[in-house]
Amino acid sequence: MNDYAVLIQRQLDAYNNKDIEAWLSTYAEDAQQFALHGVCLASGHEEMRKRMLVRFAEPDLHARLLSRAVMENIIVDHEVITRNFPEGKGEIEMLCVYEVQNGLIKTASFAVGQPKYMV
C-alpha cells in the first residue's frame, strides 16, 4: 500500500471510529469537499467539522470499503455506507474521489447512489 492509500485508510478508519480530530487530521486545513461535478459541500476544517459531527451522531454510521483504486495522488474508493436516514436505517453506495497534496487530502468529491432502506 502506498503512502496515499495509507492516508485514505486512516481517514476511513477515523470515519468509522467517529473520531473527528483523527478524521480532520487527514485533510489539509483548506481542503474542500464536493458533490461530484457539483456544489461545494464544505470548505475548510470548520465547515467540515460541522458537517461531519452531524453524521458522526448517527448510531449506525459505518463505511464498508468495496474497492480502492490508486493512480498517483488520486484515490477512488467504492463504499457502502450504513446510515440513519429520517426514513430509517439504510445503506447508500458512494464513490469517493480523493486528491492528495503534500501528504493530506486537498479535495474530495462524492458520487452518491440512492438510499436502500432496511426492513
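Description of the structure in this document. (Residues numbered from 1 in each chain as written. Predicted model: local features only at pLDDT ≥ 70, side-chain atom pairs only at ≥ 80, totals over all residues. Heavy atoms only, no water.)

Quick notes on the side chain of Gln11
Checked against the element boundaries, Gln11 lands in helix H1 (residues 3-16). When near neighbours in sequence (up to four residues on either side) are disregarded, Gln11 contacts Trp23, Thr26, Tyr27, Tyr98 and Ile105. (Helix = DSSP H or I, 4+ residues; strand = E, 2+ residues; numbered from the N terminus. Contact = heavy atoms within 4.5 Å.)

Some thoughts on the pairing of strand S4 (residues 74-85)
Along any regular strand the residues' side chains alternate between the sheet's two faces. Examined bridge by bridge, strand S3 (residues 62-71) and S4 share 9 bridges and lie antiparallel to one another. The partner of Ser67 across the bridge, within S4, is His78. Here S3 hands over to S4 after 2 residues, with Glu72 in that stretch at a positive phi of 55°. Hairpin remark: S4 followed by strand S5 (residues 88-101), antiparallel, with 2 residues in the connecting loop. (Pairing = 2+ DSSP bridges.)

Here we look at the packing of aromatic side chains
Under the counting rule described, the total for this entry stands at 5 aromatic pairs. Residues Trp23 and Tyr27 carry aromatic rings whose centres are separated by 4.7 Å and whose planes lie at 45° to one another, so their mutual orientation is tilted. Its relative accessible area of 2% is what places Tyr27 among the buried residues. Each ring, one from Trp23 and one from Phe56, has its centre 6.4 Å from the other, and the planes form 85°; the classification is edge-to-face. Linking Trp23 in helix H2 (residues 20-24) with Phe56 in helix H3 (residues 44-56), this pair joins segments that are 33 residues apart in sequence. Taken together, Tyr15, Trp23, Tyr27 and Phe56 form an aromatic cluster joined through their ring pairs. (Phe/Tyr/Trp six-rings, centres within 6.5 Å; stacked < 30°, edge-to-face > 60°. Buried < 20%, exposed > 50% of the residue type's maximum accessible area, 1.4 Å probe, protein only.)

Observations regarding the side chain of Thr26
Relative to the helices and strands, Thr26 is located in the loop between H2 and strand S1 (27-35). Taking the relative accessible area as the measure of exposure, Thr26 reaches 1% and is therefore buried. A polar atom in the side chain of Thr26 sits 2.6 Å from the backbone oxygen of Trp23. (Polar contact = N/O pair within 3.5 Å; in protein donor to acceptor, adjacent residues only side chain to side chain.)

Some remarks on the pairing of S1
Both S1 and strand S6 (residues 104-112) contribute to a ladder of 5 bridges, which runs parallel. Counterpart to Phe34 in the pairing with S6 is Ser109. Inspection of the sheet shows S1 paired to strand S2 (residues 40-43) by 3 bridges, in the antiparallel sense. The partner of Phe34 across the bridge, within S2, is Cys40. Hairpin remark: S1 followed by S2, antiparallel, with 4 residues in the connecting loop; positive phi at His37, about 60°.

Keep in mind these numbers describe shape, not what the thing actually does.
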